[in-house]
Every structure is written in structure tokens, then in C-alpha cells.
There are 2 protein chains.
Amino acid sequence: MLIVKKFGGTSVANKERIFNVAKRCIEDYKNGNQVVVVLSAMGKQTDVLLDMAKDINPKASRRELDMLLTTGEQTSVALMAMAMDSLGVPAVSMNAFQVQMHTTEVYGNARLKRIDTERIRNELDNRRIVVITGFQGVNKFDDYTTLGRGGSDTTAVALAAALHADACEIYTDVDGVFTADPRVVPNARKLDEITYDEMLELASLGAGVLHNRSVEMAKKYGVQLVVRSSLNTSEGTVVKEESKMEKMLVSGVATDKNVAQISVEGLENKPGVAFKLFQHLANHNINVDMILQSVEHGGTQDISFTVTRDQADTAMETLDRHANTSLKCEKTTVNANVAKVSIVGAGMMSNAGVAAKMFEALYDAGVNILQISTSEIRVSVLVEEKFVNEAAQAVHDAFALAN
Amino acid sequence: MLIVKKFGGTSVANKERIFNVAKRCIEDYKNGNQVVVVLSAMGKQTDVLLDMAKDINPKASRRELDMLLTTGEQTSVALMAMAMDSLGVPAVSMNAFQVQMHTTEVYGNARLKRIDTERIRNELDNRRIVVITGFQGVNKFDDYTTLGRGGSDTTAVALAAALHADACEIYTDVDGVFTADPRVVPNARKLDEITYDEMLELASLGAGVLHNRSVEMAKKYGVQLVVRSSLNTSEGTVVKEESKMEKMLVSGVATDKNVAQISVEGLENKPGVAFKLFQHLANHNINVDMILQSVEHGGTQDISFTVTRDQADTAMETLDRHANTSLKCEKTTVNANVAKVSIVGAGMMSNAGVAAKMFEALYDAGVNILQISTSEIRVSVLVEEKFVNEAAQAVHDAFALAN
């Protein structure tokens with residue numbers, strides 16, 4: 001078997017953990033498998049490097065930031081190869097230049113385009129464990145790029161696809177994918193299986209186990225993922241096309257506090273107003289999520305929408321700049337004390353009562369719903385941030401997810 | 001003008017110093033020059049990385065060590081480019097992969113073979129300052145290599161040669177090349193000029209300003225070097241083929257405490273004995289320096305030689321292993337409490353009295369000479385370590401080098 005194993009920063013944060021990971025990989029190796037290991041930077045090293053950069057130049061170019069950040073994973077892989085070597089197993093570390101991990105041009109948020117596998121295959125054929133830097137790539141200018149949040153997961157999935165790996169294991173500090181965040185909902189249950197689509201909704205909703213891009217890529221190339229703990233040997237959660245489990249209505253509850261609600265009041269009620277509004281935001285790369293358009297009252301209308309909190313200021317500035325010119329609105333307000341609670345489940349689309357059941361549970365718990373948005377396999381509601389935990393627990397209970 | 005400027009680790013050890021270097025380079029840039037900057041890792045970063053490696057695997061492979069160490073310079077160059085950028089001057093950092101700095105295969109002590117200059121020239125033509133990682137290269141396996149001690153100096157000289165630079169400035173924490181180490185000989189004087197050959201002798205004798213390999217390369221390609229301080233704007237020392245100064249008998253006095261004397265007593269006096277002895281040492285990559293072979297006494301002879309202190313143990317083990325077999329000697333002893341004092345000067349070879357004058361000065365100072373070795377432009381003596389400073393001062397005075 002060819003196995004790709006990905007370990008995050010906390011799993012390689014110090015000597016002891018590096019050796020833990022090394023032993024884990026060596027076990028697979030000694031069972032006759034070919035092993036490719038993808039690593040992130042150690043512990044908080046990426047943040048340390050970002051702070052160094054900020055201290056030198058708060059507006060450092062993304063090109064130079066990527067040049068700086070990529071040293072983080074290179075450090076991890078070199079140390080890991082040394083650790084494996086000291087345990088008697090030949091290992092070789094490789095960075096994005098050595099692999100030739102080709103990405104798009106954009107610094108800080110590049111996308112993988114193509115991975116050369118020749119050298120990796122040679123090293124594997126020579127019975128070496130190959131330890132590869134996650135998160136980084138090289139663009140057509142021969143510059144380092146980084147893949148953005150969760151980039152190492154994407155590296156692992158892309159490598160698994162390119163190498164036609166038999167397994168792709170994403171190691172994390174939790175046991176797998178849960179029906180809800182166990183810190184929020186104490187009786188949350190670990191799922192044995194979940195579909196790509198459910199995982200995608202959960203990831204984008206702030207479940208935080210796997211990043212969207214890696215799941216999208218896994219789905220596209222049919223790479224079956226296993227999300228499991230680096231701290232114990234429990235089975236983890238398999239992410240795949242079709243869940244073999246009895247089709248559950250709802251697989252999990254996700255909460256997301258990185259949300260701010262922006263309201264634009266007193267907009268003219270004529271065609272193109274909403275278009276202009278969101279065009280302005282798009283021009284500033286602001287991603288808009290839940291959108292609510294009010295019915296007309298007295299010739300004007302209101303539009304509310306959510307953005308991530310770190311984009312709220314930019315969004316408000318953008319709107320205010322156009323408030324008296326192209327936009328013509330009376331008032332803009334922002335509320336950062338909101339949070340999103342969502343239920344996700346592949347069984348949802350064929351069952352009309354799911355949303356109603358969720359709203360009922362929230363009503364019973366005394367939680368007011370500020371906004372609603374839905375997709376085929378998801379229902380999200382916006383609530384006041386202070387109610388987010390009890391809302392999640394109420395919904396989790398209503399769908400009996402702990403059982 | 002195209003100027004290559006090299007700054008060592010202490011010159012970029014923190015934010016303040018990084019900006020000092022950035023400003024210094026920008027001055028040249030604003031005067032219309034093309035500027036290439038070569039940097040070492042920040043402060044003691046290389047030692048920090050070596051300690052990390054040692055902690056994980058005391059016998060880490062050189063290949064993985066180089067993979068780890070090369071992150072040091074990449075960090076410096078990225079931060080430097082950010083600093084220049086924040087001062088309003090466009091800069092771009094490049095590592096050994098991006099330059100394509102080709103070296104021999106050997107890890108930890110590779111030699112530069114060829115440097116691609118196309119991208120550097122393009123960046124310079126676009127009026128960018130190009131900031132390049134010193135000390136590192138890439139071998140034919142597409143692996144990182146490092147160039148050994150003083151490697152960043154070599155990178156700078158090689159770049160100056162490849163780019164046909166008009167100047168190559170090596171910045172250090174002293175004002176230039178001195179007639180002796182000012183910490184040892186307080187009235188030592190800074191030299192305005194020195195020849196490559198003199199510099200080579202001084203470097204190999206522990207003067208510590210420039211490493212041999214960089215001077216050899218400068219000589220080979222006719223790259224005129226300037227050694228100067230990064231802390232002030234004084235003129236520094238020019239290293240070139242032919243010194244324009246009146247030919248001084250002696251240019252400087254060097255001391256070297258990294259010396260151990262090994263004596264092999266009671267060797268058979270027959271052909272091939274010395275050859276065997278030094279062959280054994282060469283097989284273990286031990287460099288032998290001053291050699292003294294005694295006259296025969298009672299059918300046997302003694303051989304004394306010096307090695308660097310860190311190689312003394314290995315040398316003794318090697319000798320003892322062969323003492324009763326191929327070597328047949330009575331006794332081996334090692335003395336690490338010795339030091340070497342040398343005078344260097346291109347004028348020396350045509351003047352017979354130089355060595356005698358040195359010995360007289362040492363005699364007057366009451367310093368016993370343990371061994372002597374000479375080259376065309378150098379006389380070295382081995383003395384007891386405790387006398388090394390007064391020996392250097394006495395010789396410095398005898399040749400009136402302070403004037």
C-alpha cells in the first residue's frame with residue numbers, strides 16, 4: 001500500500017511529538033507500506049514568522065511573506081527525517097522546489113496545479129520514507145507560494161491523488177469528525193463516515209477539522225480521506241463519496257462565531273441596487289454569506305448580509321464610501337455579536353420537516369433567529385452570539401445526534 | 001556600477017541592524033548602482049538550528065542538516081527584502097534554488113560550480129535590489145548543500161565573478177584587515193591594501209576576517225574585494241592582486257589557538273614510514289599542518305605535527321589503532337596547549353633576514369619555539385599557548401607594524 005499521512009503543527013510541536021509521529025509512520029513502513037508524510041510548520045512557528053515580518057514591515061508583500069513562511073515546513077521535514085533516521089529507518093525530506101509542486105501564480109493563496117511524482121516514486125522505490133513540506137508550492141516565476149488556510153491538508157490530498165495512494169490519512173488533535181464541536185456540545189458523537197458534500201458544508205461552516213479546498217480536491221479526484229487523532233489509535237472518520245450508513249437526516253451541527261451581520265437600510269427599490277451593492281464588495285474581495293432582502297416599505301428596502309468578522313471593517317468602509325453616490329442608502333450598521341448555527345446532512349434534501357424541526361428546537365430554547373439560509377444539505381441560522389452554545393445543544397438534542 | 005555586498009549574521013541579527021543594512025544598500029541603489037546583497041543567517045540562528053538537530057539526532061545526516069540550515073538564510077533574505085520594501089525601494093529575495101546556485105555533491109562542505117545569472121540580471125534591470133541567500137547551493141540531485149565555514153563570503157565572490165560586478169564588498173564587525181588581531185595586539189593597525197596571497201596566508205592562519213575559499217576564488221577570477229565594517233563608514237581594506245603600497249616586508253601577524261601538537265616517537269627509520277603515517281591520517285580526512293621530523297637516534301626517529309584541536313582525538317585514535325601494526329612506533333602524545341604565531345608578507349621572500357628577526361624578537365621576549373614552518377610569504381612558529389599574546393606583540397613590535 002502507498003499511504004499518505006498528514007500531520008499538523010501541533011503534532012510536530014516538539015521533540016517528543018516529532019518522535020511520536022516518526023514512530024507512527026515507521027509502523028506503517030515496517031508493515032511493508034510505502035509511506036509519504038506531509039507536515040506543517042512546528043507548533044506556532046508560522047505565527048512567529050508572521051510576527052517577525054509584521055515587526056519589519058506591516059505591509060510586507062505576499063511574495064516575501066511566502067518566502068519567509070516556507071522556511072517553517074522545511075524545518076519540520078528536515079527534523080522529521082532526522083528523527084526517522086535515528087530510529088533506523090531511511091527517510092528523505094523534500095520541499096516544494098524538490099518535489100516541483102506547481103501552483104498558480106498568486107502568493108499567499110495559491111492553488112496546486114500539478115505535482116511531479118518522479119523523485120518521490122524513486123525515493124519510495126528505494127524504501128525511504130518521503131517527508132514533504134505541506135502548505136507550499138512553486139509558481140511559474142520559480143517563486144515560493146503558499147496555499148492559504150488548511151494548505152497542508154490540500155497538499156496531502158493532492159499528493160494522494162497524484163501518487164494514486166491507497167490511503168490518505170489526515171491526523172489532527174481530535175478523534176475525527178463529530179456531530180458537533182465537543183467543546184460546545186459535550187455529548188457530541190464521533191461519526192464513522194461522512195460524505196464529501198457533508199464535510200464540505202461542515203468545513204465551510206466552521207467545524208474546523210478539514211479545510212474546504214482539501215475536501216473539494218478529495219471529491220474531485222475520488223481520494224478517500226480518513227480524519228483521525230495523532231494522539232491515539234482510534235479509528236477516526238472516513239470521508240467518502242457515499243456513506244454506507246443508514247441515511248441520517250442530519251449528520252452534524254456546526255457553529256461559527258467568525259461572523260458579522262451588516263445591514264444596509266433605506267435602499268431605493270429599483271432593479272440593480274442589490275447587484276451594485278454586492279459588486280462593490282466583490283471588488284474588495286469581500287465574501288458575502290447569508291443574504292436577507294426585506295420587502296419594500298415606503299419605496300425603499302433593506303438588505304442584510306453576513307461577512308467574516310475580519311472583513312467587516314473593510315465592508316463598512318466600502319459601503320460608506322458609496323453610500324451617497326452610486327448606492328444611495330440611508331443607513332449602514334454592523335453587528336459583530338452574532339454567530340451561525342447550522343445543521344448538515346445528505347438526507348436533508350428529501351425531507352421537508354428538517355428545517356421546521358430545527359426552528360422549533362430553537363424556539364423551545366428561547367433563541368431568536370436573526371436570519372436563515374439554506375442549501376440542499378444544510379440549514380443555517382444566525383443567532384446572537386451569546387446564545388450560540390445553547391442553540392447548538394438544543395438542535396443537537398432535537399435530532400438525537402448523541403445516540 | 002554593479003555592486004555585490006555581503007553581510008554576516010551579526011549584521012542582520014535584529015530588526016535595527018536589518019534596517020541599518022537595508023539603508024546602506026539603498027544608498028548605493030539611489031546613487032544609480034545595481035545592488036546585489038548576500039546575507040548569512042541572522043545572529044546565532046545557524047547554531048540554534050544545529051542544536052535543534054543535535055537534540056533530535058546527534059548523528060543527523062549532512063543532507064538533512066543542510067536542508068535544515070538553509071532555512072536560516074532564507075529567513076534573513078525575506079526579512080531584508082521586506083525592510084527595503086518598507087523604505088520604498090523594490091527588492092526581491094532569492095534562495096539557491098531560485099538563483100540556481102550549482103555546487104558539487106558533497107553536503108556540508110560543497111563547492112560552487114556554476115551560478116545562473118539570468119534571473120538576477122532581469123531583476124536588476126527592473127531596478128530591484130536582489131537579496132540572495134549566502135552559504136547555500138543546490139547539487140545535481142536537486143538537494144540543498146551548504147558551503148562550509150565562511151560560505152557566504154564565497155557566495156558573494158562567486159556572484160561578483162559571475163555577474164562581472166564592479167565591486168565586491170564584504171562587511172564584517174571589524175574595520176578591515178589588521179596587522180594583528182586588535183584584541184591580542186592593542187596597537188595593531190588597519191591595512192589599506194593587501195594582496196590575495198597575503199590574505200590567504202592570514203586567513204588560513206586564523207586571522208578570521210575572510211575565509212580561504214573566498215579569497216582563492218577572488219584571486220582566481222580577479223575579483224577585487226573590500227573588507228569593511230558594517231558598523232561605520234570607514235574605508236576598509238582592499239584585497240587585490242598587487243599591492244600598490246611600498247612593499248612591506250611583513251604585512252601582519254596572525255595567531256591561531258585552534259592547534260594541537262601530536263608527537264609520534266620511536267618510529268623505525270626506513271623509507272615509507274612518514275608516508276604511511278600521514279596516509280592513515282588522510283584516510284580520516286585529518287588535515288596535518290606543521291611537520292617536524294627528527295634526525296635518527298639509535299635506529300628510530302620521531303615525527304611531530306599539528307592538527308586542529310577538534311581533530312586531535314580522531315588523529316590519536318587513528319594512530320593508536322595502527323601503532324602496533326603497520327606503523328610500529330613506541331609512543332604517541334598529544335599537546336593541546338599550543339598556539340601558532342605567524343608573520344605574513346609578500347616582501348618576505350626576497351629578504352633573508354625576516355625569519356631571523358622574528359626568532360630574535362621571540363627570544364628577547366623569553367618565548368620558546370616548539371616548531372617552525374615557512375612558506376614563501378609566511379613564517380610560522382609553534383609556542384606554548386600561554387605565551388601566544390606576548391609573542392604576537394613582540395613580533396608586531398619588532399617589525400614596527402603599528403607605525
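Residues numbered from 1 in each chain as written. Chains lettered and ligands numbered in written order. Predicted model: local features only at pLDDT ≥ 70, side-chain atom pairs only at ≥ 80, totals over all residues. Heavy atoms only, no water.

## Re the overall build of chain A
Secondary structure summary: chain A contains 12 helices and 20 strands in total. Its C-alpha atoms give chain A a radius of gyration of 23 Å, within 12% of the compact-globule value 22 Å for 403 residues. Based on the C-alpha atoms only, the size of chain A along its principal axes is roughly 75 × 50 × 30 Å. Pairs at least 24 apart in sequence give 75% of the contacts found in chain A among residues at least 6 apart. (Helix = DSSP H or I, 4+ residues; strand = E, 2+ residues; numbered from the N terminus. Rg over C-alpha atoms; globule rule 2.2 N^0.38 Å. Contact = heavy atoms within 4.5 Å.)

## Quick word on the relation of the copies chain B and chain A
Each copy of the sequence occupies a distinct position, and chain B is placed on chain A by a rotation of 180 degrees and an axial shift of 0.0 Å, giving an RMSD of 0.1 Å. Given the turn and translation reported, the copies of this chain are related as if by a two-fold rotation axis. Every residue of chain B has its C-alpha some distance from the rotation axis, and the shortest such distance is that of B:Thr71, at 2.5 Å. Residue by residue, 100% of the interface of chain B is reproduced at the interface of chain A, so both copies engage with the same surface. (Least-squares fit on C-alpha atoms with pLDDT ≥ 70 in both.)

## Considering helix H12 (residues 388-398) of chain B
Listing the buried residues of H12(B) in full gives B:Val388, B:Ala391, B:Ala392, B:Gln393, B:Ala394, B:Val395 and B:His396. With its phi angle positive at about 50 degrees, B:Ala400 sits one or two positions after the end of H12(B). (Buried < 20%, exposed > 50% of the residue type's maximum accessible area, 1.4 Å probe, protein only.)

## Structural notes on the sheet that holds strand E12 (residues 237-240) of chain B
Residues and elements named next belong to chain B. Taken in spatial order, the 8 strands of this open sheet run E3-E6-E2-E1-E9-E11-E12-E10, and their pairing is mixed. Edge positions in the open sheet fall to strand E3 (91-94) and strand E10 (193-195), since each of these has one partner strand only. Ignoring strand direction, the axes of neighbouring strands in this sheet form an average angle of 20 degrees. Relative to strand E2 (residues 34-39), strand E1 (residues 2-7) runs parallel, the two being bridged by 6 bridges. Of the residues in E2, the one forming a bridge with phenylalanine 7 is leucine 39. Sheet strands in contact with helix H1 (residues 15-30) are E1, E2, strand E6 (129-133), strand E9 (167-172) and strand E11 (225-229), and its direction is about 170 degrees off that of E1. (Pairing = 2+ DSSP bridges. Axes fitted to C-alpha atoms, helices over the stretch in contact; angles between N-to-C directions.)

## What about the pattern of salt bridges?
Residues and elements named next belong to chain B. With the rule as written, the count across this model stands at 39 salt bridges over all chains. Two residues, lysine 5 and glutamate 169, come together in a salt bridge whose shortest N-O distance is 2.8 Å. You can see lysine 5 sitting in strand E1 and its partner glutamate 169 sitting in strand E9, a full 164 residues away along the chain. With its nearest N and O atoms 3.1 Å apart, the salt bridge here joins arginine 119 to glutamate 123. Of this pair, arginine 119 and glutamate 123 both sit in helix H5 (residues 118-125), 4 residues apart, which is roughly one turn of that helix. Taken as a pair, arginine 119 and glutamate 123 share a single burial class, namely buried. (Salt bridge = Lys/Arg side-chain N within 4 Å of Asp/Glu carboxyl O.)

## Focus on the sheet that holds strand E15 (residues 291-293) of chain B
Residues and elements named next belong to chain B. Overall, antiparallel pairing links the 4 strands, which are arranged E15-E16-E14-E17 in an open sheet. A single partner strand is all that each edge strand has here, and the edge strands are E15 and strand E17 (331-335). Ignoring strand direction, the axes of neighbouring strands in this sheet form an average angle of 15 degrees. Its contacts with the sheet place helix H9 (residues 273-283) against strand E14 (260-268), E15 and strand E16 (300-307), and it is angled at close to 30 degrees to E16. Strand contacts of helix H10 (residues 309-322): E14, E16 and E17, with the helix running at about 15 degrees to E14, the strand carrying the most contacts.

## What about the nonpolar core?
The tendency in soluble globular proteins is for nonpolar side chains to be buried as a group. Ranked by internal contacts, the top residues of the largest apolar core, which has 166 residues, are A:Met84, A:Ile120, A:Ile129, B:Met84, B:Ile120 and B:Ile129. With 25 residues, the next largest nonpolar core counts A:Val354, A:Met358, A:Leu362 and A:Val388 among its residues. (Core = buried A, V, L, I, M, F, W, Y, C linked by side-chain atoms within 4.5 Å.)

## Topic: the interface of chain B and chain A
Interface size is often expressed as the accessible area that is lost when the parts come together. Each side of the interface is counted separately: chain B has 40 residues, and chain A has 40 residues. Taking both sides of the interface into account, the surface hidden between chain B and chain A amounts to around 3,200 Å²; carbon and sulfur atoms contribute 60%. Considering only the surface of chain B that becomes buried against chain A, B:Ile56, B:Met67 and B:Met82 emerge as the three largest contributors, covering 22% of it. At the boundary of chain B with chain A, the tally comes to 4 salt bridges. (Buried area = accessible area lost by both parts, 1.4 Å probe.)

## Structural notes on the environment of B:Val37
All names here are of chain B. As for its position among the elements, valine 37 is in strand E2. You can call valine 37 buried: its relative accessible area is 0%. When the C-alpha atoms of valine 37 and glutamate 169 are compared, they prove to be 9.5 Å apart, with 132 residues separating the residues in sequence. Setting aside residues no more than four positions away along its own chain, valine 37 makes contact with Lys5, Phe7, Cys25, Met84, Ile129, Val130, Val131 and Ile132.

## Considerations on the packing of aromatic side chains
Each aromatic ring pair is characterised by the separation of its centres together with the angle its planes make. Applying the stated criterion to the full structure yields 7 aromatic pairs over all chains. Pairing A:Phe278 with A:Phe305 gives two aromatic rings, centres 5.5 Å apart and planes at 75 degrees, and the pair type is edge-to-face. Of the two residues, A:Phe278 is situated in helix H9 (residues 273-283) and A:Phe305 in strand E16 (residues 300-307); the sequence distance between them amounts to 27 residues. Ring centres 4.9 Å apart and planes at 85 degrees place the aromatic pair B:Phe97 and B:Tyr144 in the edge-to-face group. Linking B:Phe97 in helix H4 (residues 96-99) with B:Tyr144 in strand E8 (residues 144-146), this pair joins segments that are 47 residues apart in sequence. One aromatic cluster is present, built from ring pairs that chain together A:Phe97, A:Tyr144, B:Phe97 and B:Tyr144. Residue placement shows A:Arg127 over the ring face of A:Tyr29; its charged tip is 4.1 Å from the ring centre. (Phe/Tyr/Trp six-rings, centres within 6.5 Å; stacked < 30°, edge-to-face > 60°. Lys NZ or Arg CZ within 6 Å of the ring centre and 35° of its normal.)

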